[in-house]
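Below, each chain spelled out in residue letters.
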Amino acid sequence: MASLRTLKFLRQFHQKIMQNQKLPCVLINSFEEPYCVNEDHVADLKKRLNFVTMQEFLENKTHFGPKIQAIYIWGGKPVIDKELLQSLPTLKIIVNSGAGLDHLDLNLIASFGVKLANTPHAVTNSTADMGMALLLASARRILEGNEVATSPDTKSFSINWMGQEVTGSTLGIIGMGKIGYKIAQRAKAFEMKILYHNRNRRKVEEEQAVGAYYCAKLDELLQQSDFVLLITPLTPQTYKMIGKRELGLMKPTATLINIGRGQLVDQDALVEALQTGIIKAAGLDVTYPEPLPRSHPLLKLKNVILTPHIGSATHQSRRLMMENMVESLLAALSGLSIPNEVNLK
Amino acid sequence: MQNQKLPCVLINSFEEPYCVNEDHVADLKKRLNFVTMQEFLENKTHFGPKIQAIYIWGGKPVIDKELLQSLPTLKIIVNSGAGLDHLDLNLIASFGVKLANTPHAVTNSTADMGMALLLASARRILEGNEVATSPDTKSFSINWMGQEVTGSTLGIIGMGKIGYKIAQRAKAFEMKILYHNRNRRKVEEEQAVGAHYCEKLDELLQQSDFVMLVLSLTPQTHKLIGKRELGLMKPTAILINIGRGQLVDQDALVEALQTGIIKAAGLDVTYPEPLPRSHPLLKLKNVILTPHIGSATHQSRRLMMENMVESLLAALSGLSIPNEVNLK
């Protein structure tokens, strides 16, 4: 009886090893905070992928190196460098959570003949919603209002405490890609006048559908907007696109919203502009670095709302991102065309 | 001599906390001759017979029988905002005095506030800001999440002017819209925003991810949302109140928020305002409180003031009164 049971156990164990060997071997950063895969996703992921963590890999490069066919980047980790790519001779695909690619060396990845996919569609709605959330929270001074409502010193509510009207105001969208366009759709419902600046002009029908007016010159958008919203990728061309000069062109009653990347903005110039009333307020989901040093002036300004890069942070969007990434990964390993493949040329 | 030609109008005060907006004072004084409550109380015999109108700003001054009896030539009361629950309409009618408010001036800003609270609650803006600014924060967790707004279900309780504007905004977020109202809206109006009428409130409560209260406080709507109604809501649902504090059984709400019966709440209105500083609502992490600022924008407040002056002057000239409230 004992040996029969042992045999059964051994057979199941052997099957499990064989099954796991059939699942693709994928490198991830960790299962533990702070830089880890979403624990809600782990069970589903493990049904389809065989994970190796960075720690396991580093402890046994000889064993795992040749096995790893894919890397699953979640929240920008693990970091992809030359040393890592050199240690993974059978690596075919890197899948990256989110839309941003500025943390990846695309030429480096291409030079190893490895493919790359991201998740631009999965983050679109949640990031557009975040842009509107920050715009409304800044305009209506939700944070300051909450402080008044909850402060131990509050004895009455002043009837003359006010914020900025959103309905009918002018929104300038810098970066009219998928996310920017979704923001325009939402802003239109608030009867906002919409200006936009983009590398390329959108089709007339697309402009008309949201009532958006193209500003070929960024200056024009900056001068006319009550709310300036940054939603472009970070590239050498967009680096510090909003500096002292640009802030100076904005209205003193204007609010800057950044849901793109921290380095789109000259942060020191922004601090000065906010402190001296050059612009009225800012809502920043992204900064450089993240998090900011705890002593940074942006943490202390009353007219700033900071959020911890949560533009795509909803249960639904993160699950969709995960599904997209697995789909791209499996397609790449099967030699099929890869959904959301990034053109590395 | 010029001042004697301007109408004599009673206001609460020029000084905080319950006063006319100081940005408006210069413009107002060009058209109206003000008497403050303090001036009036110090010299009722002199001012009483002169006061033809009362300009209520932020619910003050309070209108009671004693005041109305002291103002024999009073013709019109103009009230800032849309809400009338702080006024005894029968009492005012019994003195033959007319009343006007400013329902249109507050519509956009209050609808915007509803959306602002919905988004701030769903995406946990307050908590996020605490993480971003806390001295203890060393890194941002990639697995910190909120609720998706796009594609979710919004249940609007009270589909008046403001409720309808909220529906228009929510539609752009691809939200599924349910509504409950005294009266059903026209089919074209429903279709324009994709709103589905829920004759039974329960149906709306059971299906909504976000429940938004935008209705007037009346004896019929008092404590409309109580323990039973909260229990019908999804445990992932968020309650937004931009109507009046007493639409909600506040104790039941506290319990629901503490025990996970609903997920969160965004409240621009409470009862009383402000809440006592020891009230549990001030301490709950899943609550965003704002100090009744639904109409608090420079633009809306100026429009309210203009509407009120227009109604006041029309009443004193015997013309038809814009935004007159039917006191029958």
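- Where an unreviewed UniProt entry is consulted, chain B appears under the name Glyoxylate reductase/hydroxypyruvate reductase, with the organism given as Sarcophilus harrisii.
- The UniProt entry for chain B carries this comment under Sequence similarities (unreviewed entry): "Belongs to the D-isomer specific 2-hydroxyacid dehydrogenase family."

- Per an unreviewed UniProt entry, chain A goes by the name Glyoxylate reductase/hydroxypyruvate reductase and belongs to Sarcophilus harrisii.
- Database annotation for chain A, UniProt heading Sequence similarities (unreviewed entry): "Belongs to the D-isomer specific 2-hydroxyacid dehydrogenase family."

Here's the deal with the overall build of chain A
Okay, so step 1: Each helix and strand in chain A was counted, giving 14 helices and 12 strands.
Okay, so step 2: Across its three principal axes, chain A shows a C-alpha extent of roughly 85 × 50 × 35 Å.
Okay, so step 3: Counting every position in chain A, which comprises 345 residues, the buried fraction comes to 54%.
Okay, so step 4: Once local pairs closer than 6 in sequence are excluded, the contacts in chain A between residues at least 24 apart make up 64%.
Okay, so step 5: Counting only carbon and sulfur atoms, one obtains 53% of the accessible surface of chain A, whose full area is about 16000 Å².

Observations concerning the packing of aromatic side chains
Aromatic ring pairs are defined here through the distance separating the ring centres and the angle between the ring planes.
Okay, so step 1: Enumeration according to the criterion identifies eight aromatic pairs over all chains in this entry.
Okay, so step 2: Residues B:Tyr55 and B:Trp57 carry aromatic rings whose centres are separated by 6.0 Å and whose planes lie at 10° to one another, so their mutual orientation is stacked. B:Trp57 matches B:Tyr55 in its accessibility class, with the two residues each being buried.
Okay, so step 3: Three or more aromatic residues link up through ring pairs in this structure, and these residues are A:Phe31, A:Phe51, A:Tyr72 and A:Trp74.
Okay, so step 4: Over the ring of B:Tyr18 we find B:Lys60, and its NZ or CZ is 4.4 Å from the ring centre.
Okay, so step 5: In this arrangement the basic side chain of B:Arg124 is found over the ring face of B:Trp144, its NZ or CZ atom lying 4.0 Å from the centre.

Considering the domain arrangement of chain A
Residues and elements named next belong to chain A.
Okay, so step 1: Each assigned domain of chain A is listed with its residue range as follows: domain 1 (4–122 + 314–342) and domain 2 (123–306).
Okay, so step 2: Here domain 1 and domain 2 have C-alpha centroids that lie 35 Å from each other.
Okay, so step 3: Tallying the contact residues gives 11 residues for domain 1 and six residues for domain 2.
Okay, so step 4: For the pair domain 1 and domain 2, the summed buried area comes to about 630 Å², and 53% of that belongs to carbon and sulfur atoms.

Let's talk about the pattern of salt bridges
Residues and elements named next belong to chain B.
Okay, so step 1: This model, assessed by the stated rule, comprises 30 salt bridges over all chains.
Okay, so step 2: Between Asp-112 and Arg-169 there is a salt bridge; the shortest N-O distance is 2.9 Å. Taken together, the residues span a long stretch of sequence, with Asp-112 in helix α7 (residues 107–122) and Arg-169 in helix α9 (residues 161–172) at a distance of 57 residues. Judged on exposure class, the residue Asp-112 and its partner Arg-169 are both buried.
Okay, so step 3: Between Glu-130 and Lys-285 there is a salt bridge whose closest N-O contact spans 3.6 Å. In this pair, Glu-130 is assigned in helix α8 (residues 125–133) and Lys-285 in the loop between β11 (264–267) and β12 (287–289), connecting sequence segments 155 residues apart.
Okay, so step 4: On the basis of relative accessible area, Lys-285 is assigned to the exposed category, the value being 62%.

Remarks on the sheet that holds strand β4 (residues 76–79) of chain B
Residue and element names in this part refer to chain B.
Okay, so step 1: Strand order across the open sheet formed by five strands is β2-β1-β3-β4-β5, with parallel pairing between neighbours. Every other strand in the sheet has two partners, leaving β2 (33–36) and β5 (98–100) as the edge strands with one partner each. On average, adjacent strands in this sheet sit at an angle of 25° to one another, irrespective of strand direction.
Okay, so step 2: Summarising the sheet, β4 and β5 pair through three bridges and their orientation is parallel. Along β5, the bridge assignment pairs Val-78 with Ala-100.
Okay, so step 3: Docked against the sheet, helix α14 (residues 298–316) engages β1 (8–11), β3 (53–56), β4 and β5, running at close to 170° with respect to β4.

Remarks on the side chain of B:Ser295
Okay, so step 1: Structurally, B:Ser295 is set in the loop between β12 and α14.
Okay, so step 2: Judged by relative accessible area, B:Ser295 falls into the buried class, the value being 13%.
Okay, so step 3: In contact with B:Ser295, other than residues within four places in its own chain, are A:Arg140, B:Val106, B:Ser109, B:Thr110, B:Ser300, B:Arg301 and B:Met304.

Examining the environment of B:Lys29
Residue and element names in this part refer to chain B.
Okay, so step 1: Tracing the backbone shows Lys-29 in helix α2 (residues 22–31).
Okay, so step 2: According to the relative accessible area criterion, Lys-29 is partly exposed, its value standing at 46%.
Okay, so step 3: Distance from Lys-29 to Leu-6, taken between C-alpha atoms, is 9.0 Å for residues 23 residues apart in sequence.
Okay, so step 4: Residue contacts for Lys-29: discarding those within four places in its chain leaves Leu-6, Phe-14 and Phe-34.

Topic: the interface of chain B and chain A
Okay, so step 1: The interface is formed by 65 residues belonging to chain B together with 65 residues belonging to chain A.
Okay, so step 2: When chain B packs against chain A, the two sides together hide about 5800 Å² of surface, and 58% of this comes from carbon and sulfur.
Okay, so step 3: Across the salt bridge formed by A:Glu191 and B:Lys165, the nearest N and O atoms sit 3.3 Å from each other.
Okay, so step 4: Here chain B and chain A share 39 residue pairs in polar contact (both at pLDDT 80 or more) between them.
Okay, so step 5: For the side of chain B that touches chain A, the element with the highest residue contribution is α7(B), accounting for eight residues.
Okay, so step 6: Residue composition of the side of chain B that touches chain A, by class: 29 nonpolar, 24 polar and 12 charged.

Focus on the confidence of the model for chain B
Okay, so step 1: Of the residues in chain B, 99% have a pLDDT of 70 or more, and the chain-wide mean is 96.
Okay, so step 2: With pTM at 0.93, the complex prediction returns an ipTM value of 0.94.

Digging into the UniProt feature "domain: D-isomer specific 2-hydroxyacid dehydrogenase NAD-binding" (unreviewed entry) in chain A
Okay, so step 1: The feature "domain: D-isomer specific 2-hydroxyacid dehydrogenase NAD-binding" (unreviewed entry), as given by UniProt, occupies residues 132–311 of chain A in the numbering adopted here.
Okay, so step 2: Note that residues 132–311 of chain A is 32% helix and 16% strand, and that its end C-alpha atoms are spaced 11 Å apart.

Quick word on α14(B)
Residues and elements named next belong to chain B.
Okay, so step 1: With 19 residues, α14 extends 27 Å from end C-alpha to end C-alpha; this agrees with the ideal 27 Å at 1.5 Å per step.
Okay, so step 2: For α14, the complete set of buried residues consists of Ser-300, Arg-301, Met-304, Met-305, Asn-307, Met-308, Val-309, Ser-311, Leu-312, Ala-314 and Ala-315.
Okay, so step 3: Summarising the contacts, the buried residues of α14 are in contact with β1, α2, β3, β4, β5 and α7.
Okay, so step 4: Of the residues trailing α14, Gly-318 is marked for its positive phi of about 75°.

Observations concerning unusual backbone geometry
Okay, so step 1: The omega torsion of the bond from B:Lys60 to B:Pro61 falls at 10°, within 30 degrees of zero and hence cis.
Okay, so step 2: Relative to the helices and strands, B:Pro61 resides in the loop between β3 and α5 (65–69).
Okay, so step 3: The omega angle of the peptide bond from B:Glu273 to B:Pro274 is -5°, so this bond is cis rather than trans.
Okay, so step 4: By secondary structure assignment, the location of B:Pro274 is in the loop between β11 and β12.
Okay, so step 5: Positive phi, normally seen in glycine, also occurs at A:His309, with a value near 50°.
Okay, so step 6: Looking at where A:His309 falls in the secondary structure, it is placed in the loop between β12 (304–306) and α14 (315–333).
Okay, so step 7: Overall, A:His309 belongs to the partly exposed group, its relative accessible area being 30%.
Okay, so step 8: For B:Lys223, which is not glycine, the phi dihedral falls at a positive 50°.

What counts and what doesn't
- Residues numbered from 1 in each chain as written.
- Chains lettered and ligands numbered in written order.
- Predicted model: local features only at pLDDT ≥ 70, side-chain atom pairs only at ≥ 80, totals over all residues.
- Heavy atoms only, no water.
- UniProt positions renumbered as here; feature names shortened; annotations may be inferred.
- Helix = DSSP H or I, 4+ residues; strand = E, 2+ residues; numbered from the N terminus.
- Buried < 20%, exposed > 50% of the residue type's maximum accessible area, 1.4 Å probe, protein only.
- Contact = heavy atoms within 4.5 Å.
- Areas by Shrake-Rupley, 256 points an atom, 1.4 Å probe, with all protein chains shown as cover.
- Phe/Tyr/Trp six-rings, centres within 6.5 Å; stacked < 30°, edge-to-face > 60°.
- Lys NZ or Arg CZ within 6 Å of the ring centre and 35° of its normal.
- Domains from an automatic or database assignment.
- Buried area = accessible area lost by both parts, 1.4 Å probe.
- Salt bridge = Lys/Arg side-chain N within 4 Å of Asp/Glu carboxyl O.
- Pairing = 2+ DSSP bridges.
- Axes fitted to C-alpha atoms, helices over the stretch in contact; angles between N-to-C directions.
- Polar contact = N/O pair within 3.5 Å; in protein donor to acceptor, adjacent residues only side chain to side chain.
- Nonpolar A, V, L, I, M, F, W, Y, C, P; charged D, E, K, R; others polar.
- pLDDT = per-residue confidence, 0-100.
- Expected span 1.5 Å × (residues − 1).

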